[in-house]
Each structure stands twice: as C-alpha cells, then as structure tokens.
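So the chains spell out like this:
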Amino acid sequence: KMQRLVDAAKKPEVLVIGLMSGTSCDGIDAALVALSGSSAAGNVHCRSVASLCAAIPDDVRADVLTLSRRGLCDSDQIDRICRTNVRIGLLFAEAAKAVAAKAGLSMSDIDLIGSHGQTVRHLPQEAPGSTLQIGDISVIAAETGVPVIGDFRPADMAAGGQGAPLVPLADRVLFGKQDSPRLLLNIGGISNVTYLPVCSNHIRSITIPALAFDLGPGNMLMDAAMAFFTKGVKRVDKDGRRAAAGEHLVKEAHLSDLLSHPFFARPPPKSTGREDFGEDFLHQEVFRKFPELATQPDACLATLCELTARSIALGIDRFVLRHILITSGTPSLEMYVAGGGVHNTQLMKSLQRALPTVRVLSLQALGVDPDMREAVAFA
C-alpha cells in the first residue's frame, strides 16, 4: 500500500473517497472526488465524481447510540465496542466500494480513502480532552485494498484542538477565495459554523485562519423527540412539518430556560456532542422541566426546532457577527447551509428569522451537494 501512495503522489489527479457518519448515525456518506493541484501553490481543484449515502442497519445504529450514552460501562459494553468497531469498519468499506462502483470504477482505481469513523464519545472539556471514533481503518484497508487515513479527531486533540469541527481547512481550500465574508453552517446531529473572511487571492486563502466552532444541537434533539413520540417508527420530522404545525405553541419562557445552558455562552474554541445534547438532555432538561411537552408532539418539536435555530443564531451573532462588525464594518454576509438540517423547511425559515442581516442559502448554491460536504472534506 505504501507503493500505491508513492505512485499516487506522481499523478496529476488522484481519486480519493471520503467516508463520514455523523452524530445522528443515520447513514454513511461516501464521496468520491478527483483532486488535483497543490495547497502550497493555492490551486487545489476538487471535482465530484460520485456520492451516496449507505444505510446503517438498525441493530448497528442501536449499538452505536447505546455506546454514546453515559453511565453504561461494564464488560458487556466493552464487548459491544469491540464488535461494533469492526462492523462499522465493514460498513464503511462497503460504502467505499459502492461509491466507486457508482462511478464505474474498481477499487484498484482509487488512490486513497479518508475515514472519519463513527463517534461514540467526545469529551473535549476534560483534562486531558479525549474522543473515541470506531470503524476500524485496518478493516477498511483490508476489505478495499486501498490505503486509509483516519484518526482525524484524536490527531486534532493531540495537537491541542477540540477535535471538532474538522472541516475548516477543507472549507478554506474549497470556498476560501471570495470578495465578501462567508459563513458555512453544517446542521448534522450537532451544528457548527466556519467563518471565512474576505480573500481574493487563492494562495493567501490557504494561510488565513478560519474561525470555526460547534454551536450546539443540530438535528439531534428533534430526531430524538420524533423517535420518542413515534416509538422509534420515525426518526425525522420530514420538512419540519410537525414543528411548523406547533409553531404557535412555542413558549418564550421555555426557550429562555433552555438557552441558559452554559455551552451556549462558552467562547470558542469549543465542541460538543451527544453527551451534552442527546437523549438525556431531552428527558432531563426538556421533559423534566416542562412535562407538558412530553405529551404534545407538535409543541415539543416546534420548541426544539426554535431552540436549534436560536442557539445557532446566538453563537453566530455573539462570536462571529460582532467580531466582523469590529474588524470589517458592516459587510454583506451570506451563510451556506449543509447537512440534513438544510432539508428542514421550518428550521431554515426559523434561521432566517433569527439572523435577519444574513442571507441563508443551501450549499447547493455553490455547486456542492449539502449532504456530502463533510465526506468531501475527509477526502
């Protein structure tokens, strides 16, 4: 495999597969891209070849979500981690094969695979901070015959970072040359933002640092509520229809209390995960404090949708927009949204309402599939 890397380094264009499964664990995103140029020369070009989202079997997803919850640590859980690590690796390998086949290519045509893995625990605030992703890259390499790069989050934390978000470098390379400031928002299980300042020179765009950090819950709380109310039959409030139906039932007192969570006031750099905003938050912070929401699905989903939009807006206003006003005056600003949340019409409407000075758009406006942004980043 080392010879394949040596050979790939000599090619004018390399074929790379990026693999990603987010905190929602709702599928494996596989993006096959052709990369050419050099970041040092400031002329990196990324061409999309094929992409897909591979399903994660319900029993594997259940194992991942169980492993992601605190207070479950015994020998059976250690066994579960061991087994699921390999099963996720096998699923990632199958996703890589599938996206290559979709492009009419064999695995021998692929030069490299970048795999984020599946996060089951993320503890950035502890000393030292730690994170754990499963999906054994040795299994992926053995099954595909392609060199695999992984451990992105642990590497970032070992270097003093938060381990998330990890896409700012790719954002800078792919979207960093522009004549006005730009925001890139990802709404997966957790929401995160990248701020790219003005840069008309592509070489300088690689070296100017991007500001990026987690904002709080994305789809995670809404998905958990849908699973709760439908007893697991549905995982998503499609298009935000239930939230839209309950919009008039949202109470400001509830939102004010939920937005007092200390994470929202913490300045960047910061990251979060299911440990802060998973099922435990839904039951302990929402249903325990406001028990009526546990029996009113539309009101609950509307409240969580508005909480998500306002927590995103709060972080962007407090830690990005005020910084821009201080350093750059009052520029026109566009925000491009990626991740599953871009398909939630009610959430997008609430975001635009919460950020009236920002134009909220889908990442598709830049010619990139909003569902594949992170997979492309890892490629």
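Notes on the structure follow. (Residues numbered from 1 in each chain as written. Predicted model: local features only at pLDDT ≥ 70, side-chain atom pairs only at ≥ 80, totals over all residues. Heavy atoms only, no water.)

**Notes on helix H8 (residues 220-229)**
Inference 1: In terms of residue burial, H8 counts as a mostly covered element, since 7 of its 10 residues are buried.
Inference 2: Looking at H8, one finds that the buried residues are Met 220, Leu 221, Met 222, Asp 223, Ala 224, Ala 225 and Met 226.
Inference 3: Note on H8: the residue one or two positions beyond its end, Lys 231, has a positive phi of about 55°. (Buried < 20%, exposed > 50% of the residue type's maximum accessible area, 1.4 Å probe, protein only. Helix = DSSP H or I, 4+ residues; strand = E, 2+ residues; numbered from the N terminus.)

**Brief notes about the sheet that holds strand E8 (residues 190-196)**
Inference 1: Pairing is mixed in the open sheet, where 5 strands are placed in the order E9-E8-E7-E10-E11. Across the chains shown, the open sheet's two edge strands, defined by having one partner strand only, are strand E9 (211-217) and strand E11 (359-362). In this sheet, adjacent strand axes meet at a mean angle of 25° when their direction is disregarded.
Inference 2: Here E8 runs beside E9; their pairing, made up of 6 bridges, is antiparallel. From the neighbouring strand, Tyr 195 faces E9, where its bridge partner is Leu 211.
Inference 3: Relative to E11, helix H15 (residues 345-354) is tilted by about 155°, and along the sheet it contacts strand E7 (182-187), strand E10 (334-338) and E11. (Pairing = 2+ DSSP bridges. Axes fitted to C-alpha atoms, helices over the stretch in contact; angles between N-to-C directions. Contact = heavy atoms within 4.5 Å.)

**Here we look at the environment of Ser 24**
Inference 1: With respect to the helices and strands, the residue Ser 24 is situated in the loop between strand E1 (13-21) and strand E2 (28-36).
Inference 2: A residue is classified by how much of its surface remains accessible, and Ser 24, at 7% relative accessible area, is buried.
Inference 3: Spatially, the C-alpha atom of Ser 24 lies 9.7 Å from that of Thr 119, the residues being 95 residues apart in sequence.

**Regarding the pairing of E8**
Inference 1: The buried count for E8 comes to 7 of 7 residues, which makes it a mostly enclosed element.
Inference 2: Residues Ile 190, Asn 192, Thr 194 and Leu 196 of E8 are buried on one face, and the alternating residues Ser 191, Val 193 and Tyr 195, pointing to the opposite face, are buried as well.
Inference 3: Here E7 pairs with E8 via 6 bridges, running antiparallel. Within the sheet, the bridge partner assigned to Arg 182 lies in E8 and is Leu 196.
Inference 4: Hairpin connection, E7 to E8: the antiparallel pair is bridged by 2 residues.

**Focus: the nonpolar core**
The nonpolar side chains of a soluble globular protein tend to be buried with one another.
Inference 1: With 48 residues, the main nonpolar core has Leu 183, Leu 185, Leu 282, Val 286, Leu 304, Ile 316 and Met 335 as its most contacted residues.
Inference 2: Per-element tally for this core: the top contributor is helix H14 (residues 297-328), with 14 residues.
Inference 3: If near-sequence neighbours (up to four positions away) are discounted, Ile 316 is found in contact with Leu 183, Val 193, Leu 215, Leu 321, Met 335 and Leu 355.
Inference 4: Ala 54, Ile 56, Val 64 and Met 107 belong to the second largest nonpolar core, which has 32 residues in total. (Core = buried A, V, L, I, M, F, W, Y, C linked by side-chain atoms within 4.5 Å.)

**Overview of the packing of aromatic side chains**
Inference 1: Counted under the stated rule, the structure contains 9 aromatic pairs.
Inference 2: On the basis of an interplanar angle of 50° and a centroid distance of 5.2 Å, the ring pair of Phe 152 and Phe 378 is categorised as tilted. Of this pair, Phe 152 sits in helix H5 (residues 152-158) while Phe 378 sits in helix H16 (residues 373-378); the two residues are 226 residues apart in sequence, bridging distant segments of the chain.
Inference 3: Judged by centre distance (4.9 Å) and plane angle (45°), the ring pair of Phe 228 and Phe 287 falls under tilted. With a gap of 59 residues between them, Phe 228 in helix H8 and Phe 287 in helix H13 (residues 279-287) connect regions that are remote in the sequence.
Inference 4: Overall, the relative accessible area of 35% leaves Phe 228 in the partly exposed class.
Inference 5: Three or more aromatic residues joined by ring pairs make a cluster, and in this case those are Phe 263, Phe 264, Phe 277 and Phe 281.
Inference 6: A cation over an aromatic ring shows up here: Lys 270 above the ring of Phe 263, its NZ or CZ 4.4 Å from the ring centre. (Phe/Tyr/Trp six-rings, centres within 6.5 Å; stacked < 30°, edge-to-face > 60°. Lys NZ or Arg CZ within 6 Å of the ring centre and 35° of its normal.)

**Focus on the packing of H8 against H13**
Inference 1: In contact at an axis separation of 9 Å, H8 and H13 are set at 80° when each is read in the N-to-C sense. In terms of orientation, H8 lies roughly perpendicular with respect to H13. The residues of H13 that touch H8, namely those facing Leu 221, Ala 224, Ala 225, Phe 228 and Phe 229, are Glu 279, Phe 281, Leu 282, His 283 and Phe 287.
Inference 2: Considered class by class, the residues forming the contact of H8 with H13 number 8 nonpolar, 1 polar and 1 charged. (Parallel < 35°, antiparallel > 145°, perpendicular 65-115°, else oblique. Nonpolar A, V, L, I, M, F, W, Y, C, P; charged D, E, K, R; others polar.)

Structural measurements only, silent on function.
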